[in-house]
Amino acid sequence: MNHSPVIQAIELTKHFGSHQVLKGVDLQIPAGSVVGLLGTNGSGKSTLIKCLLGLLKVSSGQARLLDEEAWNLSANAKAKLGYVPQVVKLYPWMRTKQVLDYAGAFYESWDEARVSELLSLWEMDGRKQIKTLSTGQLQRLGIILAMGHHPELLILDEPAASLDPQGRRSLLRSILEMTQDQRHTVLFSTHITSDLERVASHVAILKDGVIRYFGELDELKDSVKRLRISSNRPLPTDFVVPAALRTRIDGHSATAAVASVDEETIGQWERQWEAKITIEDLNLEDIFLEMHDG
């Protein structure tokens, strides 16, 4: 896999008037990776994506895409991009197939066979007018439009938000198929952590206008654990587990999420606190909540 960054944000800030949304984002996404962007509603995920795409001009810092400045992307770079916005807006009077044919005329690499395959897979009727499509159908059409030319870089903003479970499974399968050769890169924002766990190689967590974590998903899940602490004596109200993301205390018991832990440290803590400590694995949703609320 080529690990040179396809997406770069360097001290990227964005404000709207006096409201600062992004406060110094640093992010480098390697080629061939599938990156899930996590953050609460209003955390700035869509703003970050639009800055990275050059749809919004950064207030300061840099946004680079395919080794070019995002705000001044060349036609060649744009031809390698696929983008699905959170809300897909298309000409309401056109028919589905007309929209696809119109878009395909702009790309030398447009794959008519792949487009027809996706239309069939997602049960889309090419004769239907855009104005008659449901929100979920519009979302599916937006994804087909973004994938029809086999983009080197695919960026999706909450792509599964309007899809039913079947549509989400089909989307995830398509992302997996697309990235098998490790030459295509995907960045998608989502609040559905179970989807991210199925396909992502990396995860980026956006909080308070900066990236609080970026790294491999498996590495994150291997490192962050929950400790259940049961002591022989009442724990003080100011009881703290060193380097914990968050600690909750209830009499003789406590739980804490820690970013890393080893058996030697656990043994020291058990002796120090006269306690029994058990270690639990966490899924991505639990980890996100611990990191966000901690």
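Only a predicted model underlies this, so the values are computations on that prediction, with no experimental measurement involved. (Residues numbered from 1 in each chain as written. Predicted model: local features only at pLDDT ≥ 70, side-chain atom pairs only at ≥ 80, totals over all residues. Heavy atoms only, no water.)

Enquirer: Could you clarify how one ought to interpret the overall build of the chain in this entry?
Expert: A tally of regular secondary structure across the chain gives 10 helices and 14 strands. Its C-alpha atoms give the chain principal-axis dimensions of about 70 × 40 × 40 Å. With 294 residues in all, the chain has 49% of them scored as buried. Pairs at least 24 apart in sequence give 67% of the contacts found in the chain among residues at least 6 apart. Taken as a whole, the chain presents about 14,600 Å² of accessible surface, with 47% of it coming from carbon and sulfur. Between the averaged position of the 32 positive side-chain charges in the chain and that of its 38 negative side-chain charges there is a distance of 7 Å. (Helix = DSSP H or I, 4+ residues; strand = E, 2+ residues; numbered from the N terminus. Buried < 20%, exposed > 50% of the residue type's maximum accessible area, 1.4 Å probe, protein only. Contact = heavy atoms within 4.5 Å. Areas by Shrake-Rupley, 256 points an atom, 1.4 Å probe, with all protein chains shown as cover. Lys, Arg positive; Asp, Glu negative; His and termini not counted. Charge placed at Lys NZ, Arg CZ, Asp CG, Glu CD.)

Enquirer: Help me understand the layout of surface pockets, please; the structure alone is not making it clear to me.
Expert: To find leftover empty space, one rolls a probe the size of a water molecule over the atoms. Looking at the largest pocket, its volume works out to about 780 Å³. What lines the largest pocket is a set of 27 residues, among which Tyr 83, Pro 85, Leu 90, Tyr 107 and Leu 145 lie closest to the centre. If you list the elements that add at least two residues to the lining of the largest pocket, you get β6 (81-84), α3 (96-104) and α5 (135-147). With four residues, β6 is the largest single contributor of residues to the lining of the largest pocket. Partitioned by chemical class, the residues of the lining of the largest pocket number 20 nonpolar, five polar and two charged. If you go around the second largest pocket, the residues you meet are Lys 207, Arg 212, Tyr 213, Glu 219, Leu 220, Ser 223, Val 224, Leu 245, Ala 259 and Met 291. Breaking the lining of the second largest pocket down by element, the ones donating at least two residues are β10 (210-216) and α8 (217-223). It is α8 that contributes the most residues to the lining of the second largest pocket, three residues altogether. Looking at the lining of the second largest pocket, its residues break down into six nonpolar, one polar and three charged. (1 Å grid on protein atoms, 1.4 Å probe; cavity = no way out; pocket = protein on both sides within 12 Å on 5 of 7 lines; lining within 4 Å. Points joined across faces, edges and corners; volume = space filled by probe spheres on them. Nonpolar A, V, L, I, M, F, W, Y, C, P; charged D, E, K, R; others polar.)

Enquirer: What is the right way to read a negative patch on the surface from this model?
Expert: On the surface, a cluster of negative charge is contributed by Glu 216, Asp 218, Glu 219 and Asp 222. If you tally residues by element for the negative patch, the top one is α8, at three residues. Mapped onto the elements of the fold, Glu 216 is located in strand β10. (Patch = residues over 30% accessible without salt bridge, like charges linked within 9 Å, V, L, I, M, F, W, Y side chains within 5 Å. Salt bridge = Lys/Arg side-chain N within 4 Å of Asp/Glu carboxyl O.)

Enquirer: Explanation requested: a nonpolar patch on the surface in the structure shown.
Expert: Among the surface-exposed residues, Tyr 91, Trp 93, Tyr 102 and Phe 106 lie close enough to one another that they form a single nonpolar patch of about 540 Å² accessible area. Here Tyr 102 shows up in helix α3.

Enquirer: How should the sheet that holds β10 be read in this particular structure?
Expert: Backbone hydrogen bonds are what pair the strands of a sheet, in a parallel or an antiparallel way. Strand order in the open sheet made by the six strands is β6-β7-β8-β3-β9-β10, with mixed pairing throughout. Pairing within the sheet leaves two strands with one partner each, and these edge strands are β6 and β10. Neighbour-to-neighbour, the strand axes of this sheet turn through a mean angle of 15 degrees, independent of strand direction. Across five bridges, the pairing between strand β7 (residues 153-157) and strand β8 (residues 185-189) is parallel. Bridge pairing in β8 links Leu 153 to Thr 185. Most of the contacts of helix α10 (residues 284-293) go to strand β9 (residues 202-207), to which it runs at about 30 degrees, and overall it touches β3 (34-38), β9 and β10. (Pairing = 2+ DSSP bridges. Axes fitted to C-alpha atoms, helices over the stretch in contact; angles between N-to-C directions.)

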